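Structure assessment
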Amino acid sequence: MWGLVRLLLAWLGGWGCMGRLAAPVPAWAGSRGHSGPALLRTRRSWVWNQFFVIEEYSGPEPVLIGKSLDREEKAQYVLLAQAVDRASNRPLEPPSEFIIKVQDINDNPPVFPLGPYHATVPEMSNVGTSVIQVTAHDADDPSYGNSAKLVYTVLDGLPFFSVDPQTGVVRTAIPNMDRETQEEFLVVIQAKDMGGHMGGLSGSTTVTVTLSDVNDNPPKFPQSLYQFSVVETAGPGTLVGRLKAQDPDLGDNALMAYSILDGEGSEAFSISTDSQGQDGLLTVRKPLDFETRRSYTFRVEATNTLIDPAYLRRGPFKDVASVRVAVQDAPEPPAFTQATYHLMVPENKAPGTLVGQISASDLDSPASPIRYSILPYSDPERGFSIEPEDGTIRTAVLLDREARVWHNLTVLATELDSSAQSSRVQVAIQTLDENDNAPQLAEPYDIFVCDSAAPGQLIQVIRTLDRDEAGNSSQVSLQGPVGPDANFTVRDNRDGSASLLLPSRPAPPRQAPYLVPIELWDWGQPALSSTATVTVSVCRCRPDGSMASCWPEAQLSPTGLSTGALLAIVTCMGTLLALVVLFVALRRQKQEALMVLEEEDVRENIITYDDEGGGEEDTEAFDITALQNPDGAAPAGAGPPARRDVLPRTRAPRQPRPPGAADVVQLLALRLREADEDPSVPPYDSVQVYGYEGRGSSCGSLSSLGSGSEAGGVPGPAEPLDDWGPLFRTLAELYGAKEPPAP
């Protein structure tokens, strides 16, 4: 067995394994030939030490590890070893572990995991301004040799940028880099291991650096003089032209404001910046006149609105250019001498009174005639007229200031040489006041006073109204009845009002109210006056001063009603009773009249039947006599019946009124018969003959029932169809009797 152990140890040592076997001391080794207790034998054990294997070894001798090792994948291995008996394969001792560490070599280049990079730095930055920091990683062992020691350098981007070799911070290398010259730079950064020495591995990345804009350029006009033209009729706000100063900066750094430097230009024109903040918009500020001034010359300044104090040394940030605007002539409408006119005329003046005059002229041709007119919509009442040639305005009707004070007219001036050229002006005419209205009371006064009022007590303040304008014409004085017999006193307050007072001797109570006359007059020229009446009733009052009754008889009525009120109630009751009696009598008389008419006049009865007959010969179906005219059969020898479809030549004689006091029903029946038989009453063939046929029709009866006949059954001479009128002309031509030809 000991030979087997030695053989295994030699085998492991031959393959470079580092370890030793600690041999145990036998218990009998020190006691041979020595008396004493027997010593126990201690078991041997392995002591493992660390050993190293070169990675990626490819020497001529095989390695027991069995494969090439990569430290970047696994830096060390932990193995478990145990000694066993080869013969019995029994373990000789417990298992033990040992560690194998893989030694690093420089086999990984540096890598930039976040590349490529993008960075921004303001233009005109100082040297050394930090741009960005780049970082590379090396997978080799940083604790063993220089395999992971990196050094950064700039491969491309010099002389504009530099990089810190140790930290990888990229910085500007030159001053005053101008974005307007070059906006973007591509910088290549390299990272090399082994401390940058020969044989080291390297990796690279790109950094795109963009210069951001700063306001380092002032605006500049591309030309020193701008020329524009504008027609004289252009109104305020009309665009004349655009001015554009150039600024190579971007965004807010290129925003500009424009202004007019000279006074004469700023009075006629204004300039503003467009919505993009780049162009200057030159517009008309006030109306132009070619005849007054034909051109304007002024200066315009463009200034940056945002200025960075750090770059003031590169200023000034403004520029100036000259502008010349030529005013072009254009046909102009007539111009009035005033923008508006204010004229005055007294009221009540006769039509044709002069009000005033307006004037307009043609600025292009002052000698050109002008025609004036008043637009109808501005003077709907036609109260004024104007002379077409000279613009004189006169009244056309009497004016009343109290009806209308102001008249606003619109006058049109038109060139006779060019009717398209016209202009308008507002003419305000004020109607002046005259004292033409007498003063009057402000309202009707119907007042009462208590019979217990003390002498001198104020009853009412009476106010006046004068429609004339304030002044002497509206100052009103009042005066009431004077003398010892006056029942009331009127005191003028000298402010257009008067106080109605009780005199020292109160007015005695009476049934009728008192009528107090008051005279009113104003102080105008001429003075006008009027008389008004105030109604005052002396009444009995309650303790609180409210009216209880204004009739003295109320004190004598035990029920609280006066004699006059009782008489009024009795009169009303009698009137109602008489109306009821009259209504009943009229209603009874009307019912009796209707009954008589229903019994006598059978022609207005409606007869209904539901069976059909056999024609004209069927007389059994119903009583045909109900449909016949009672006087349908004309007496023999009476001649042809009267025509109803043409205007008769003679008027039917009026039947005399029955003698004596005839009944109303009989009188109405008589008049109805006269109307039916009178052919002169239009319409000649009317609904009056609806109840029967026969003589009522101009053609007679169309039925054979009840037809008149001659004695012996021989029909009489038929009426010629030609006499029936124009409506029967066609029928007469078809069925009329033809006269035999003359022999």
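Everything numeric here is computed off the predicted structure, so don't read it as measured data.

Parameters and conventions
- Residues numbered from 1 in each chain as written.
- Predicted model: local features only at pLDDT ≥ 70, side-chain atom pairs only at ≥ 80, totals over all residues.
- Heavy atoms only, no water.
- Helix = DSSP H or I, 4+ residues; strand = E, 2+ residues; numbered from the N terminus.
- Buried < 20%, exposed > 50% of the residue type's maximum accessible area, 1.4 Å probe, protein only.
- Contact = heavy atoms within 4.5 Å.
- Areas by Shrake-Rupley, 256 points an atom, 1.4 Å probe, with all protein chains shown as cover.
- Pairing = 2+ DSSP bridges.
- Axes fitted to C-alpha atoms, helices over the stretch in contact; angles between N-to-C directions.
- Disulfide = S-S within 2.5 Å.
- Core = buried A, V, L, I, M, F, W, Y, C linked by side-chain atoms within 4.5 Å.
- Patch = residues over 30% accessible without salt bridge, like charges linked within 9 Å, V, L, I, M, F, W, Y side chains within 5 Å.
- Salt bridge = Lys/Arg side-chain N within 4 Å of Asp/Glu carboxyl O.
- Polar contact = N/O pair within 3.5 Å; in protein donor to acceptor, adjacent residues only side chain to side chain.

When helices and strands are tallied, the protein chain shows 5 helices and 37 strands. Taken across its 743 residues, the protein chain has 32% of its residues classed as buried. Once local pairs closer than 6 in sequence are excluded, the contacts in the protein chain between residues at least 24 apart make up 65%. In the form shown here, the protein chain has an accessible surface area of approximately 46,800 Å², with 55% of it arising from carbon and sulfur atoms.

Here the focus is the sheet that holds strand β11 (residues 184–192). A sheet is described by the order of its strands in space; here 4 strands give the open sequence β6-β12-β11-β8, paired in mixed fashion. Single-partner strands in this sheet number two, and they are β6 (117–122) and β8 (151–156). Between one strand axis and the next, the sheet turns through 35 degrees on average, direction left out of account.

The next subject is the state of the cysteines. Under the counting rule described, the total for this entry stands at 1 disulfide. Shown here is the disulfide that connects C450 with C541, its sulfur atoms set 1.9 Å apart. Linking C450 and C541, the disulfide has an S-S dihedral of approximately -95 degrees and is accordingly described as left-handed. With C450 in strand β30 (residues 446–450) and C541 in strand β36 (residues 529–541), this residue pair connects regions lying 91 residues apart in the sequence. Just as C450 is buried, C541 falls in that class too.

One finds L243, F269, L282, F298, V323 and V325 to be the most contacted residues of the largest nonpolar core, which totals 26 residues. Apart from residues lying up to four places away in sequence, F269 is in contact with V230, V240, I260, L282, T283, V284, R285, L288, Y296, F298 and V325.

Time to look at a nonpolar patch on the surface. Together, L566, I569 and M573 line one region of the surface with nonpolar side chains, adding up to about 290 Å² of accessible area. Along the chain, M573 turns up in helix α3 (residues 563–600).

With 4 bridges connecting them, strand β33 (residues 489–492) and strand β34 (residues 497–501) associate as antiparallel partners. Following the sheet pairing, R491 is matched in β34 by S499. Two successive antiparallel strands, β33 and β34, enclose a turn made up of 4 residues, where R494 displays a positive phi of approximately 60 degrees.

Once that is clear, we can look at the sheet that holds strand β26 (residues 392–395). Taking strand neighbours across the sheet as the criterion, the 3 strands line up as β22-β26-β25 in an open arrangement whose pairing is antiparallel. Strands at the two margins of the open sheet, each flanked by one partner only, are β22 (354–357) and β25 (384–386). Ignoring strand direction, the axes of neighbouring strands in this sheet form an average angle of 20 degrees. Here β25 pairs with β26 via 3 bridges, running antiparallel. Across the sheet, the residue bridging to S385 is R394, located in β26.

Note that the residue after G115, namely P116, is joined by a cis bond; omega there is 0 degrees. Note that P116 resides in the loop between β5 (96–103) and β6. The amide bond that connects L158 to the next residue, P159, takes the cis arrangement and shows omega of 5 degrees. Tracing the chain through its elements places P159 in the loop between β8 and β9 (161–163). Look at N176: it is not a glycine, yet its phi comes out positive at around 55 degrees. Position of N176 among the secondary structure elements: in the loop between β10 (169–172) and β11. Here the phi dihedral of N348 falls at roughly 65 degrees; this positive angle occurs in a residue that is not glycine. Judged by its relative accessible area of 36%, N348 is partly exposed.

Looking at the element boundaries, E232 is found in the loop between β13 (225–231) and β14 (239–244). Assessed through its relative accessible area of 3%, E232 is described here as buried. Along the backbone, E232 and A326 are 94 residues apart, and their C-alpha atoms lie at a distance of 9.5 Å. Here E232 is in contact with L288, D289, F290, E291, V327, Q328, D329, A330, E332 and D364, once residues within four sequence places are set aside. From its side chain, E232 meets the backbone nitrogen of F290 in a polar contact 2.7 Å long.

Just distances and angles here, no functional claims.
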